[in-house]
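Fold and contact review
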Amino acid sequence: MREELEIKLGNDFPFMKRTNTNDGNIYQKWGCECADGWYQLLRDLCQEITNIYSNAGMPIDIIVEQVKEKFATLRFYYSFEGTPCPIQAFDCLSDGTGIRFQPRNESDNEDKKKLRKDIAQTVRKYEEKSKFVCECCGNEGTIRMELPWKRTLCDQCLSEHLQKIEHRKAEQKRQIQKLKDKLKEK
Ligand SMILES: [Zn+2]
């Protein structure tokens, strides 16, 4: 994602702020590992998370661990202060299904447990939504199988992607032909 969009997210939602700490946190290191089209989706998710905390009257203690595209959908991994979640998911199945884990703390009181459940549900909701939002431009999209790797794109962005791939293939062919011709000359 473009740096200016990430900075905006960080300014509007403090838990999305990236500081240059090198503590092994993937989000801190790499930021949002997806294209710009999911910016609004992420904003809406962050707003809902903020609302959940303010409705519960609790201080925000979410730690964003990793934000990325995987199997054409958004993945938003997180933990809570004092409640690490070292393994977030097993993305072992090629159809995109996997097993998700969520940070749990048995000593949490009921209010906190509910808050954490609400956040988990909200995160899942937005990850599901990403299946219908073009990762490149944010318009309505759908998961495309005709690319070298699956992505969620609108018709326009898909055709641009396919054109780019065709162009690259043609260019490679030209280069190979050039080499062949050179070898013949010798
Ligand atoms: Zn698009």
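Residues numbered from 1 in each chain as written. Predicted model: local features only at pLDDT ≥ 70, side-chain atom pairs only at ≥ 80, totals over all residues.

**Section: the pairing of strand β3 (residues 73-80)**
We apply this condition: Residues are called buried when their C-beta atom has 20 or more other C-beta atoms within 10 Å, exposed when it has 12 or fewer, and partly exposed otherwise; all C-beta atoms are positioned from the backbone. Where helices and strands are cited, they refer to DSSP runs of H or I of at least four residues and of E of at least two residues respectively, numbered from the N terminus. Paired strands are those between which DSSP finds at least two bridges.
Burial within β3 is extensive, with seven of its eight residues counted as buried. Inspection of the sheet shows strand β2 (residues 62-70) paired to β3 by eight bridges, in the antiparallel sense. Across the sheet, the residue bridging to lysine 70 is threonine 73, located in β3. In this antiparallel pair of consecutive strands, β2 and β3, the connection spans two residues, and phenylalanine 71 shows a positive phi of 50 degrees.

**With respect to the sheet that holds strand β1 (residues 32-33)**
Selection rule: Each residue is represented by a C-beta atom placed from its backbone, and any two residues with such atoms within 7 Å are regarded as in contact. Fitted lines through C-alpha atoms give the axes, limited to the stretch in contact for helices. The angle between two N-to-C directions lies from 0 to 180 degrees.
Pairing is mixed in the open sheet, where three strands are placed in the order β1-β2-β3. Looking at strand neighbours, the two that pair on one side only are β1 and β3, the edges of this open sheet. Bridge count between β1 and β2: two bridges; the pairing is parallel. By the bridge assignment for β2, glutamate 33 is matched with lysine 68. Relative to the sheet, helix α4 (residues 110-129) contacts β2 and β3, its axis offset from that of β3 by approximately 165 degrees.

**Here we look at the nonpolar core**
Selection criterion: We call a set of buried Ala, Val, Leu, Ile, Met, Phe, Trp, Tyr and Cys residues a nonpolar core when their C-beta atoms link them within 7 Å.
The biggest cluster of nonpolar side chains holds 30 residues, and the ones touching the most others in it are Leu41, Leu42, Leu45 and Phe76. Elements with a contribution of two residues or more to this core: α3 (39-56), β2, β3 and α4. Counting residues per element, this core draws most heavily on α3, which supplies six residues.

**Some remarks on unusual backbone geometry**
A positive phi is found at phenylalanine 71, a non-glycine position, where the angle reads about 50 degrees. Looking at the element boundaries, phenylalanine 71 is found in the loop between β2 and β3.

**Overview of the packing of α3 against α4**
To keep it simple, the criterion reads: Should an angle lie under 35 degrees it is considered roughly parallel, over 145 roughly antiparallel, and from 65 to 115 roughly perpendicular; all remaining angles are considered oblique. When the near helix sits turned anticlockwise from the far one by under a right angle, the crossing is termed left-handed; a clockwise turn instead gives a right-handed crossing. Under the grouping applied here, Gly and all other residues not named as nonpolar or charged are polar, the nonpolar ones being Ala, Val, Leu, Ile, Met, Phe, Trp, Tyr, Cys and Pro and the charged ones Asp, Glu, Lys and Arg.
In contact at an axis separation of 10 Å, α3 and α4 are set at 165 degrees when each is read in the N-to-C sense. By the criterion of interaxial angle, the relationship of α3 to α4 is roughly antiparallel. The crossing of α3 and α4 is right-handed. Contact residues: Leu41, Asp44, Leu45, Glu48, Ile49, Ile52 and Ala56 in α3; Asp111, Leu115, Asp118, Ile119, Thr122, Val123, Tyr126 and Lys129 in α4. Classifying every residue of the contact of α3 with α4 by side-chain character gives nine nonpolar, one polar and five charged.

**Quick notes on α4**
Because each turn of an α-helix spans 3.6 residues, side chains separated by three or four positions in sequence point in the same direction. Our working definition: What a helix should span is 1.5 Å times the count of its residues minus one. By definition, the arc is the one covered by directions from the helix axis to the C-beta atoms.
In a regular helix each residue adds 1.5 Å, so 20 residues correspond to 28 Å; α4 covers 29 Å between its end C-alpha atoms and thus fits that length. Considered for burial, the residues of α4 that qualify are Leu115, Arg116, Ile119, Val123 and Tyr126. For α4, the angular spread of buried residues about the axis comes to 95 degrees, placing them on one side. Away from its buried face, by an angle of more than 90 degrees, α4 presents the exposed residues Glu110, Lys117, Gln121, Lys125 and Glu128. Looking at the packing, one finds that the buried side of α4 touches α3, β2 and β3.

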